[in-house]
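# Coordinates in review
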Amino acid sequence: MNPVPSYGGNVCCTGNAVQGGAFDQQKMEIRNDILVYSTEPLVDGIEVSGFIETTLYVSSDVKDTDFTIKLIDVYPDGTAYNLDETIQRVRYREGYDKEVFMEKGKVYKVELSPMSTSNYFEKGHRIRIEISSSNFPRFDRNMNTGGKNYDEAVGVVAHNNVHHSAQYPSQIRLPMVKK
């Protein structure tokens, strides 16, 4: 009932619900429901252009939940500008023509729809990924019950895990342009 609020991003068609654009995400990242992964400061600049693919291995204690990803360019002073974002409702991980609910304790492979960008991460910058379970109101919140969401007033808290190991190799694949 306290979803991660949308703050900037690649938005259209939301009226004034979300102001689009790249905004400093530092204040968002202090929430305890956002995982933050950053590279070390880059020794050389890197150009990333194209589609960014994400595979997550996840588990939860609820029937359904969402996973969101943000790609961030972090400046040497810590300013963290969002570049793109995406989301996947886990019940639709096998396609939008059927619902497949989660079982507590089971690990699922989830492919998120690709993000896209063309950005030059300068020397000294960091590449950052944020993972959460909401980005509202840009994306409809998930009440985590397996219900219809739009007709529900009470949700349940999802305790989600993102697995990253040899057995469960969660990954973000960046299309880097070679010089």
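Up top you'll find the structure we're talking about.
Residues numbered from 1 in each chain as written. Predicted model: local features only at pLDDT ≥ 70, side-chain atom pairs only at ≥ 80, totals over all residues. Heavy atoms only, no water.

## Brief notes about empty space enclosed by the protein
- A full pass over the atoms with the stated rule returns one cavity of 30 Å³ or more.
- Here the largest cavity is characterised by a volume of approximately 50 Å³.
- Of all the secondary-structure elements, those providing two or more residues to the lining of the largest cavity are β3 (66-74) and β6 (126-132).
- Among the residues forming the lining of the largest cavity, the class breakdown is two nonpolar, four polar and two charged. (1 Å grid on protein atoms, 1.4 Å probe; cavity = no way out; pocket = protein on both sides within 12 Å on 5 of 7 lines; lining within 4 Å. Points joined across faces, edges and corners; volume = space filled by probe spheres on them. Helix = DSSP H or I, 4+ residues; strand = E, 2+ residues; numbered from the N terminus. Nonpolar A, V, L, I, M, F, W, Y, C, P; charged D, E, K, R; others polar.)

## Focus: the pattern of salt bridges
- On inspection of all chains with the given rule, the structure shows 10 salt bridges.
- Across the pair Glu53 and Arg173 runs a salt bridge, and its minimum N-O distance is 3.3 Å. Linking Glu53 in strand β2 (residues 46-60) with Arg173 in strand β8 (residues 171-173), this pair joins segments that are 120 residues apart in sequence.
- Classification of Glu53 as partly exposed rests on a relative accessible area of 39%.
- Between Glu94 and Lys98 there is a salt bridge, with the nearest N and O atoms lying 3.4 Å from each other. (Salt bridge = Lys/Arg side-chain N within 4 Å of Asp/Glu carboxyl O. Buried < 20%, exposed > 50% of the residue type's maximum accessible area, 1.4 Å probe, protein only.)

## A few points about the packing of aromatic side chains
- Considering all chains together, one arrives at three aromatic pairs under this definition.
- Ring centres 5.3 Å apart and planes at 80 degrees place the aromatic pair Tyr75 and Tyr81 in the edge-to-face group.
- On the basis of an interplanar angle of 35 degrees and a centroid distance of 5.4 Å, the ring pair of Tyr92 and Tyr96 is categorised as tilted.
- On the basis of relative accessible area, Tyr92 is assigned to the partly exposed category, the value being 21%.
- Of note, Lys63 hangs over the ring of Phe101, and the distance from its end group to the ring centre comes to 4.6 Å. (Phe/Tyr/Trp six-rings, centres within 6.5 Å; stacked < 30°, edge-to-face > 60°. Lys NZ or Arg CZ within 6 Å of the ring centre and 35° of its normal.)

## Section: the side chain of Arg93
- Relative to the elements of secondary structure, Arg93 occurs in the loop between β4 (80-89) and β5 (108-121).
- Despite being buried, Arg93 has no salt bridge partner; Glu94 is the closest side chain of opposite charge, sitting 4.4 Å away.
- Engagement of the side chain of Arg93 in a polar contact is seen with the backbone oxygen of Val90, the distance being 2.9 Å.
- Within the local environment of Arg93, its side chain forms a polar contact with the backbone oxygen of Val100, the two atoms lying 2.7 Å apart. (Lys, Arg positive; Asp, Glu negative; His and termini not counted. Polar contact = N/O pair within 3.5 Å; in protein donor to acceptor, adjacent residues only side chain to side chain.)

## Comments concerning the sheet that holds β3
- Strand order in the open sheet formed by four strands is β1-β6-β3-β4, and the pairing between neighbours is antiparallel. Where the open sheet ends on each side, the last strands, each with one partner, are β1 (35-38) and β4. Shown here is a sheet whose adjacent strand axes are inclined to one another by a mean of 20 degrees, direction ignored.
- Across seven bridges, the pairing between β3 and β6 is antiparallel. For Val74, the partnering residue across the bridge sits in β6 and is Arg126. (Pairing = 2+ DSSP bridges. Axes fitted to C-alpha atoms, helices over the stretch in contact; angles between N-to-C directions.)

## With respect to the side chain of Asn144
- Checked against the element boundaries, Asn144 lands in the loop between β6 and β7 (160-163).
- A polar contact is formed between the side chain of Asn144 and the side chain of Thr65, at a distance of 3.1 Å.
- Not counting residues within four places of it along the chain, the set of residues in contact with Asn144 comprises Val62, Lys63, Asp64, Thr65, Asn149, Val156, Val157 and Ala158. (Contact = heavy atoms within 4.5 Å.)

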